[in-house]
Amino acid sequence: MLNPDLVGRTFPGTKSTTITQESIEAFALALGESNLQVAPPTYAITISLEQSQSVLVDSGLDWSRVVHGDQRFAINKPLVAGMQITCNSTIESARVVAGNEIVTVRSDLIESDEVAVSSWSTLVFRA
Amino acid sequence: MSTFITGQELPAKSFFINRAALVTYAHASGDQNPIHQNEEFARSVGLENVIAHGMYTMGLVGQYISEVAGGSVKVQEFSARFTKPVVVPADVDVELIVSAVVGEVSETSAKLEVTAICNDVKVLGMTKAVISL
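The rules behind each value
- Residues numbered from 1 in each chain as written.
- Chains lettered and ligands numbered in written order.
- Predicted model: local features only at pLDDT ≥ 70, side-chain atom pairs only at ≥ 80, totals over all residues.
- Heavy atoms only, no water.
- 1 Å grid on protein atoms, 1.4 Å probe; cavity = no way out; pocket = protein on both sides within 12 Å on 5 of 7 lines; lining within 4 Å.
- Points joined across faces, edges and corners; volume = space filled by probe spheres on them.
- Nonpolar A, V, L, I, M, F, W, Y, C, P; charged D, E, K, R; others polar.
- Salt bridge = Lys/Arg side-chain N within 4 Å of Asp/Glu carboxyl O.
- Helix = DSSP H or I, 4+ residues; strand = E, 2+ residues; numbered from the N terminus.
- Contact = heavy atoms within 4.5 Å.
- Polar contact = N/O pair within 3.5 Å; in protein donor to acceptor, adjacent residues only side chain to side chain.
- Buried area = accessible area lost by both parts, 1.4 Å probe.
- Buried < 20%, exposed > 50% of the residue type's maximum accessible area, 1.4 Å probe, protein only.
- Pairing = 2+ DSSP bridges.
- Expected span 1.5 Å × (residues − 1).

A. Highlighting empty space enclosed by the protein. Tallying each qualifying case throughout the model produces 1 cavity of 30 Å³ or more. A volume near 60 Å³ is recorded for the largest cavity. Split into classes, the residues belonging to the lining of the largest cavity amount to 10 nonpolar, 1 polar and no charged.

Written out as structure tokens, the structure reads:
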């Protein structure tokens, strides 16, 4: 079970990711999107989920039991090639329902000290 | 530029999901969980068959929203709940039908309530977007 003390804590990302045109194109084309100038609205997941996974696995949760429950994006600045992103993840809530642990993590994709995209993932760790 | 009116029903669009598309999405997204590619593995963990990545289904819905909005650049908010898995048997193109109704409209943005259906079942719940006008 997640240590309740971790709820509310922010885990700063340790590395910076440069968004490449190739990665935007691969993601867009996989979704049938022909506009390749701007990343699709769900592209942030390719950065945010890895960071959430690393934070939650380090906190003792079993990633092999995870199911994605809910997902939300708030896009302040659309992602484009060349942006240098760091990703900070905050554990916003954790609760246990019928033995399943339900954790919401907000990941902020930050460019030049501004949040470009916030991504909320609610993850269900099955009992 | 399109004009959006509250209550307006936007035209539906069909997407077709198959195993090859899931492999392509796995590579593009980095999510290589074998439940989305390997039937034997999927069954071994109690699933009826390979299932689509929830984020793939949401991504296709995102493509619909981008198209309706006039480009990904106009999508400000997007959320969904993964209520039912999209089961993808071998050698089948599973149809995902996406449609939307316009909610509240302001001078600068419009809310959309989106529906995503496979085999007559809603696969996403609480699917909403805010697009800039």
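B. Quick look at the pattern of salt bridges. Within this structure, the stated rule accounts for 10 salt bridges over all chains. A salt bridge links Lys13(B) to Glu67(B), with the nearest nitrogen and oxygen atoms 2.7 Å apart. Taken as a pair, Lys13(B) in strand β1 (residues 9–17) and Glu67(B) in helix α3 (residues 54–69) lie far apart in primary sequence, 54 residues in all. Where salt bridges share partners, they join Glu92(A), Arg106(A) and Asp108(A) into one cluster.

C. A look at the environment of Asp93(B). All names here are of chain B. Mapping Asp93 onto the fold places it in the loop between β2 (75–82) and β3 (94–105). Between the C-alpha atoms of Asp93 and Arg19, which are 74 residues apart in sequence, the distance is 8.3 Å. With residues near it in sequence (within four places) discarded, Asp93 still touches Phe16, Ile17 and Asn18. Engagement of the side chain of Asp93 in a polar contact is seen with the side chain of Asn18, the distance being 2.9 Å.

D. Seen up close, the interface of chain A and chain B. Chain A puts 23 residues into the contact, and the matching count from chain B is 24 residues. Between chain A and chain B, roughly 2000 Å² of surface is buried when both sides are summed, and carbon and sulfur atoms account for 61% of that area. At the junction of chain A with chain B, the criterion picks out 1 salt bridge. Inspection of the chain A/chain B interface yields 6 residue pairs in polar contact (both at pLDDT 80 or more).

E. The arrangement of the pairing of strand β6 (residues 124–132) of chain B in detail. Residues and elements named next belong to chain B. The buried fraction of β6 is high, at 7 of 9 residues. Of the strand pairs in this sheet, β2 and β6 are connected by 6 bridges, and their pairing is antiparallel. Residue pairing for β6: Phe78 is matched across the bridge by Ala129. Across 6 bridges, the pairing between strand β4 (residues 109–118) and β6 is antiparallel. What sits directly across from Val114, in β6, is Thr127.

F. Structural context of the layout of surface pockets. Size it by volume and the largest pocket reaches roughly 1100 Å³. Around the largest pocket, the lining is made up of 38 residues, and of these Val66(A), His68(A), Asn33(B), Ile35(B) and His36(B) lie nearest the centre. Among the secondary structure elements, those contributing two or more residues to the lining of the largest pocket are α2 (45–58) and β3 (66–75) of chain A together with α1 (19–29) and α3 of chain B. Ranked by residues supplied to the lining of the largest pocket, first place goes to α2(A) with 5 residues. When its residues are assigned to classes, the lining of the largest pocket shows 20 nonpolar, 13 polar and 5 charged. In this structure, the second largest pocket occupies an estimated 280 Å³ of space. Lining the second largest pocket are 17 residues, with Lys15(A), Thr17(A), Thr46(A), Ile47(A) and Glu50(A) positioned closest to its centre.

G. Main features of α3(B). Relative to the 22 Å expected for 16 residues at 1.5 Å per residue, α3(B) spans 22 Å between its end C-alpha atoms, a close match to the ideal helical length. Burial analysis of α3(B) places 14 of its 16 residues in the buried class, which makes it a mostly covered element.

H. Focus on unusual backbone geometry. Residues and elements named next belong to chain B. Despite not being glycine, Asp91 shows a phi value in the positive range, around 60°. You can see Asp91 is positioned in the loop between β2 and β3. One non-glycine residue, Asp120, adopts positive backbone phi at about 65°. Assignment of secondary structure puts Asp120 in the loop between β4 and β5 (121–122).

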